[in-house]
Amino acid sequence: MMLSLAILISWQFADAQGRAVSGKVSDAGGNPLPGVSVTVKGTAQGAISDAAGKFSVQAANNATLVFSYIGYKAQEVKVGSQNNINVALEEDAAALSEVIVVGYGSQKKSQTTGAISQVSAKQITEMPITNLGQALQGRTAGVDVSQSGSKPGSTPKILIRGRRSFNAGNDPLYVVDGIPLSAGYEDMNPSDIQSIEVLKDATATAIYGARGANGVVLVTTKRGAVKGKTVVTFDTYGGVSKPLDKIQLFNGAEFAEYVREAYRATNNYKDANGNPVPTGVADAAADAKVAVLGGDPAVAAGLAAGRNTNYQDLILHNGIMQNHSLGVQGGNDKTQFYISGGFFQDKGISDGLDYTRMSLRANIDHNINSWLKVGLSSYTMYSIRNGENLNPYQFTINQNPLGRPYDDNGNIIFSQTNDALLTNPLAEIVPGAQVDNTKKYRIFNSLYTEFKIIEGLKYRINFGPDFTLSRSGRFIGAATNARKYGDPTASASNNFGFNWTLENVVTYNKTFAQKHNLGVTLLQSIQRDNFERYSTDVQGIPAETQQFYNLGNASAVLAVGSFLSEWTINSYMARINYDFNDKYLLTATMRRDGSSRFGENTKYGNFPGIALGWNISNEAFMKQIPWLDLLKLRAGWGKVGNQGVAPYQTQGLLSRTVYAWGNTAAYGYRPNTIGNPDLKWETSATANIGLDFSFLRGKIQGSLELYETNTTDLLLSDQLPGSIGFSAVTRNVGQTRNKGIELGFTTVNVNTAGGFKWTTDFTFTKNKEEIVSLYNGKVDDLGNRWFIGQPLNSYYDYKKVGIWQLNEKEEAAKFYPGDKANPLGAGVGQVKVQDTNGDGAITAADRVLLGSDIPNFSAGFTTRFSYKGFDLSAFLFGRFGNMIVSGFHQNNNALAGRYQQIKVDYWTPNNPTNEFPRPFSTQEFPQYNTTLIYFDGTFVKLRNINFGYTFPQSVAKKLGMESLRLFSSIQQPKIWSEYRSKYNGIDPEATITSAGNGTTNVGAGVTPATSVTTVGLNIRF
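So, here's what we can say about the structure. This one's a predicted model, so the numbers in the text were calculated from it and none came from an experiment. (Residues numbered from 1 in each chain as written. Predicted model: local features only at pLDDT ≥ 70, side-chain atom pairs only at ≥ 80, totals over all residues. Heavy atoms only, no water.)

## Considerations on the overall build of the protein chain
Reasoning step 1: The secondary structure content of the protein chain amounts to 13 helices and 50 strands.
Reasoning step 2: Over its C-alpha atoms the protein chain spans a radius of gyration of 33 Å, differing by no more than 12% from the 31 Å that the globule rule assigns to 1021 residues.
Reasoning step 3: With the C-alpha coordinates aligned to their principal axes, the bounding extent of the protein chain is approximately 105 × 75 × 65 Å.
Reasoning step 4: Within the protein chain, counting contacts between residues at least 6 apart in sequence, those at least 24 apart form 68% of the total.
Reasoning step 5: Entry remark: accessible area of the protein chain is about 43,200 Å², with carbon and sulfur atoms responsible for 56%.
Reasoning step 6: The protein chain carries 94 positive and 85 negative side-chain charges, and their two centres are separated by 6 Å. (Helix = DSSP H or I, 4+ residues; strand = E, 2+ residues; numbered from the N terminus. Rg over C-alpha atoms; globule rule 2.2 N^0.38 Å. Contact = heavy atoms within 4.5 Å. Areas by Shrake-Rupley, 256 points an atom, 1.4 Å probe, with all protein chains shown as cover. Lys, Arg positive; Asp, Glu negative; His and termini not counted. Charge placed at Lys NZ, Arg CZ, Asp CG, Glu CD.)

Okay, structure coming up:
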């Protein structure tokens, strides 16, 4: 096979000989162009023009010369009998000012006035991705994408310019081919995406009004071509995922010593004569008195045998990932089409966790005549996800390593020790023991009809129905930790969603006197959503093979529920775009939204936006600067609304309750919430200043943004005294602010005539998030940990300053007066926290602000190399200065001597560390244990390395293809983080947001970070 590959590659040199051909390259004005790449098509031969624009290259009569230069359109010239070839290259305006989607239309980048970032199809396909969230991470300044773990089917959390709201949601709006999504973006096939535009400031998002309060992600899928032959593409890859690392736990001997130390600390580890056994000494008689060591026959046998059972190794294994996508693209001046089919499967690193997605797409555009056009975008998806609510890995962390997982016959031992709460995690992955299965069907359509009324005036009607049907089934068998041989339980729920959008759009574009360009967009839109859920929970399944498929056979029905939610948005929008001679730009927008979620008098809100732009580079006095391609200054201000509260919040709702009717129990209803008919829109006003630039014919290009967003009338639960019967009411109170800076630029560092090219992309984001006021003005809310001037999620706790040492015995006793069992002295070996107010006691007043999950800044860096068909790219992403809460250290760092836990540097008389306290057998958790869960969340990830080879066209054609590329990719091969290297954490990025105050918990409930190695092909016919 290697010999055949070498022969194929060598064919590219077969036609390298020829005669000298020379000439000169200039621009349209006759000025010489130095640095133009002149290559012989299909070969590695070439040259580069000198300072006078002259070149010389060896080429045969049948050869074709390709002239390419950044900022100019590539040109091909057949050599024939010519010895001298002079070429004038035409400036490529699109290369310097590409067209981007802005919502209800598109504009040249040089004419945009809002903060808009683009991710191209090339960037999307640079690495194997499973969803568009992965395509955005680190590629777009101002967009923060956080992984939610490595479970198959999990999707990243996306925030655009920080959080604005406590309760109204901070997720952006996703718009696919002009139609807003009602459900998540995870159902999309990334192979169908042509480009992604992110609208970040209010002047850009104002056209979407309330729905764009947290930014807008515009997704444009691939469409057919007007000219050219039909193109068939086949993209495929397959690979292996493996745990990047595992949690470091104590081995068998270390665990035994940790348990001994926990009992020494309470003076309960004594030899046969009743004498305390010192640290570092093991005593058989003392071990026999400890229940979790020699006191348990199974553990005693493991201790004697030197057993070390690592259940992580027994649960985790390599996973498999594969993706296949077939697309057909073509058309003519009448009809254009794009049809694709996709299959993606991710089998996780633990049994019972997998995700499969199958999809079909058909995009069709047809010109009926010169004034009437119709089109359809149809996407159908079917997915199966197993294990969304399962995590067998979490059962492996607290297992006694001295226990025995299998008996002599290889059967699983369900209870390996005498501890009633611990069961064998291997029992959780026995086929059929735990089932968590979700099937999802989705049909998302976008239909339009477009009328050309007169020149420049168009009317378009869009209709977007979105159907979602899902069924979730859950079964827990008897031989599991949850049931412990009790009756099996099962549940099933069915969700039905139907969301539709109807839009009437009028656009008018006209150029007056060749310098005045006017664009007007008028919109009327209505969006309606209907969601239903039906669920049943039972206990006592007679045959476990029935799982959740025959709930009627269960011996007991635990719960039956149903739910209906409906809402509607009615909107009107007007936008004016004006530019004078492509120098002075104006965009003005007004949107009026009405939502059924608000009261009769507050349903509608008005959301204006205005932005100005100045293309400085188009001024006459700037034309004398040859190295400047584009310099544009932008400034804008706008307001958008947020309707993100559940429907019916303006009404007083009832809940069922129990009454005593004489001696008979009866059900009734009582008021559950206080309605607020004056509830209105949460509003965000954003001011934005931007600078777009391009130098040296596109060798350096990018943008700089400065912004401030003030969100007022927060939809917040205002606290009430419990004596009135209600704890809270939703009101419009409070204010938040986000300020930040964003920088993104691309550089072409090297581009030689020999075919070597090196480019880099860099993004930088810094966002400051703060609470300005709450219910009572500028007053902190300690209960919710909301502080004026601080981010929405702050960590407020005691501050650990070390561990009390032996030489601090007297001082430690003042702070641990209740510690009577410590033979070394009260408080010695325990957590030492800061006495903030210096009163000699630790009280609630000593708590301080420790940090926040908001990073000081984040950055992404992509570098690409290409040479003679070979390409190499690497992508780095980092988040710096944020604090994380480690769920692993919160739930698996008890230091009580009963359970296995994370391997930490704990205090003993022989190891006077300041990291973690001494184990104590009489404490379920150390005092002030919450101070042990906060860590620096800074990390840098090597997100992806991709290496590929594109075969010469001559080789591809001999194989019946137009092009052929072979590639290999390694995703997330390395993470640099103190949380991992020093404190044995897994992934500082993988977070789960809990309810309430929105605390993000790193590690709890997630599987280890994974690294994925893939090999694939990109084929074009």
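## Thoughts on the pairing of strand β43 (residues 870-880)
Regular strands place their side chains on alternate faces of the sheet.
Reasoning step 1: Bridge count for strand β42 (residues 857-867) against β43 is 11 bridges, and the pairing is antiparallel. Paired with Arg864 across the two strands is Ser873, which belongs to β43.
Reasoning step 2: Relative to strand β46 (residues 939-950), β43 runs antiparallel, the two sharing 10 bridges. The partner of Leu872 across the bridge, within β46, is Phe947. (Pairing = 2+ DSSP bridges.)

## Examining a nonpolar patch on the surface
Reasoning step 1: Together, Tyr584, Trp614, Phe621, Leu633, Ile689 and Leu706 line one region of the surface with nonpolar side chains, adding up to about 570 Å² of accessible area.
Reasoning step 2: Here Leu633 lies in strand β29 (residues 628-642).
Reasoning step 3: Assessed through its relative accessible area of 37%, Leu633 is described here as partly exposed. (Patch = residues over 30% accessible without salt bridge, like charges linked within 9 Å, V, L, I, M, F, W, Y side chains within 5 Å. Salt bridge = Lys/Arg side-chain N within 4 Å of Asp/Glu carboxyl O. Buried < 20%, exposed > 50% of the residue type's maximum accessible area, 1.4 Å probe, protein only.)

## Digging into the packing of aromatic side chains
Reasoning step 1: Within this structure, the stated rule accounts for 41 aromatic pairs.
Reasoning step 2: Plain terms: the ring middles of Phe344 and Tyr355 are 6.3 Å apart, the flat faces sit at 55° to each other, and that makes the pair tilted. With Phe344 in strand β19 (residues 335-347) and Tyr355 in strand β20 (residues 354-367), this pair connects stretches of sequence that are 11 residues apart.
Reasoning step 3: On the basis of an interplanar angle of 70° and a centroid distance of 5.3 Å, the ring pair of Tyr798 and Tyr928 is categorised as edge-to-face. (Phe/Tyr/Trp six-rings, centres within 6.5 Å; stacked < 30°, edge-to-face > 60°.)

## Quick look at the sheet that holds strand β6 (residues 75-78)
Reasoning step 1: Spatially, β3-β2-β5-β6 is the arrangement adopted by the 4 strands of the open sheet, whose pairing is antiparallel. Both edges of this open sheet fall to β3 (46-48) and β6, since each of them pairs with a single strand only. Shown here is a sheet whose adjacent strand axes are inclined to one another by a mean of 20°, direction ignored.
Reasoning step 2: Of the strand pairs in this sheet, strand β2 (residues 37-40) and β3 are connected by 3 bridges, and their pairing is antiparallel. The residue bridging Val38 from the neighbouring strand is Ala47, located in β3. (Axes fitted to C-alpha atoms, helices over the stretch in contact; angles between N-to-C directions.)

## Comments concerning the environment of Ser68
Reasoning step 1: Residue placement: Ser68 occurs in strand β5 (residues 64-68).
Reasoning step 2: Taking the C-alpha atoms as reference, Ser68 lies 6.0 Å from Val36; in sequence the two are 32 residues apart.
Reasoning step 3: When residues no more than four places from it in sequence are discounted, the contact partners of Ser68 are Val36, Ser37 and Ala74.

## Side note on empty space enclosed by the protein
Reasoning step 1: Tallying each qualifying case throughout the model produces 7 cavities of 30 Å³ or more.
Reasoning step 2: Its volume calculated, the largest cavity comes out at about 540 Å³.
Reasoning step 3: Taken together, the residues that form the lining of the largest cavity break down as 12 nonpolar, 17 polar and 6 charged.
Reasoning step 4: The calculated volume of the second largest cavity comes to roughly 110 Å³.
Reasoning step 5: In terms of lining, the second largest cavity is formed by 13 residues, of which the most central are Val102, Gln107, Thr203, Ala204 and Thr587.
Reasoning step 6: For the lining of the second largest cavity, the secondary structure elements donating two or more residues are α5 (202-205), β26 (556-580) and β27 (584-595).
Reasoning step 7: A breakdown of the residues in the lining of the second largest cavity according to their chemical character gives 4 nonpolar, 8 polar and 1 charged. (1 Å grid on protein atoms, 1.4 Å probe; cavity = no way out; pocket = protein on both sides within 12 Å on 5 of 7 lines; lining within 4 Å. Points joined across faces, edges and corners; volume = space filled by probe spheres on them. Nonpolar A, V, L, I, M, F, W, Y, C, P; charged D, E, K, R; others polar.)

## Observations regarding the sheet that holds strand β7 (residues 84-89)
Reasoning step 1: Pairing is mixed in the open sheet, where 3 strands are placed in the order β4-β1-β7. Two strands in the sheet have a free side with no partner beyond their single neighbour: β4 (54-59) and β7. Neighbour-to-neighbour, the strand axes of this sheet turn through a mean angle of 30°, independent of strand direction.
Reasoning step 2: Note: strand β1 (residues 19-27) against β4, 6 bridges, orientation antiparallel.

## Focus on the side chain of Glu257
Reasoning step 1: The topology assignment puts Glu257 in helix α6 (residues 252-264).
Reasoning step 2: Residues contacting Glu257, with those up to four places away along its chain left out, are Arg264, Gly280 and Tyr906.

## Comments concerning α6
One turn of the α-helix equals 3.6 residues, which is why residues spaced by three or four share an orientation.
Reasoning step 1: If you check α6, its first and last C-alpha atoms are 18 Å apart, about what 13 residues at 1.5 Å a residue would give, namely 18 Å.
Reasoning step 2: Of the residues making up α6, those classed as buried are Gly252, Phe255, Ala256, Glu257, Tyr258, Val259, Arg260, Glu261, Ala262, Tyr263 and Arg264.
Reasoning step 3: Contacts from the buried residues of α6 go to α7 (284-288) and α8 (297-305). (Expected span 1.5 Å × (residues − 1).)

## As for the environment of Pro855
Reasoning step 1: In this fold, Pro855 is placed in the loop between β41 (848-852) and β42.
Reasoning step 2: Assessed through its relative accessible area of 14%, Pro855 is described here as buried.
Reasoning step 3: Other than its neighbours up to four places away in sequence, Pro855 contacts Asn767, Arg879, Phe880, Gly881 and Asn882.

## Here we look at the environment of Gln524
Reasoning step 1: Looking at where Gln524 falls in the secondary structure, it is placed in strand β25 (residues 516-539).
Reasoning step 2: C-alpha separation for the pair Gln524 and Ser794, spaced 270 residues apart in sequence, amounts to 41 Å.
Reasoning step 3: Not counting the four nearest positions on each side in its chain, Gln524 is found in contact with Leu502, Glu503, Asn504, Asn570, Ser571 and Tyr572.
Reasoning step 4: A distance of 3.4 Å separates polar atoms of two side chains, one belonging to Gln524 and the other to Asn570. (Polar contact = N/O pair within 3.5 Å; in protein donor to acceptor, adjacent residues only side chain to side chain.)

## Overview of unusual backbone geometry
Reasoning step 1: Of note in this structure, Arg161 is not a glycine but carries a positive phi near 55°.
Reasoning step 2: With respect to the helices and strands, the residue Arg161 is situated in the loop between β12 (157-160) and β13 (173-176).
Reasoning step 3: What makes Arg161 buried here is its relative accessible area of 1%.
Reasoning step 4: Although it is not a glycine, Asn267 sits at a positive phi angle of roughly 65°.
Reasoning step 5: We classify Asn267 as partly exposed; its relative accessible area is 30%.

## Some remarks on α8
Reasoning step 1: Two or three places before Ala298, at the opening of α8, Asp296 has a side-chain oxygen 3.1 Å from that residue's backbone nitrogen.
Reasoning step 2: Of the residues trailing α8, Gly306 is marked for its positive phi of about 65°.

## Quick notes on the nonpolar core
Reasoning step 1: By size, the foremost hydrophobic cluster in this structure holds 47 residues, and its most contacted members are Ile247, Val259 and Phe888.
Reasoning step 2: Breaking this core down by element, the ones donating at least two residues are α6, α10 (809-815) and β40 (831-833).
Reasoning step 3: The element contributing the most residues to this core is α6, with 6 residues.
Reasoning step 4: In terms of nonpolar packing, the next biggest core, distinct from the first, is built from 26 residues, Tyr174, Val176, Leu181 and Val219 among them. (Core = buried A, V, L, I, M, F, W, Y, C linked by side-chain atoms within 4.5 Å.)

This is a description of form; function is not addressed.
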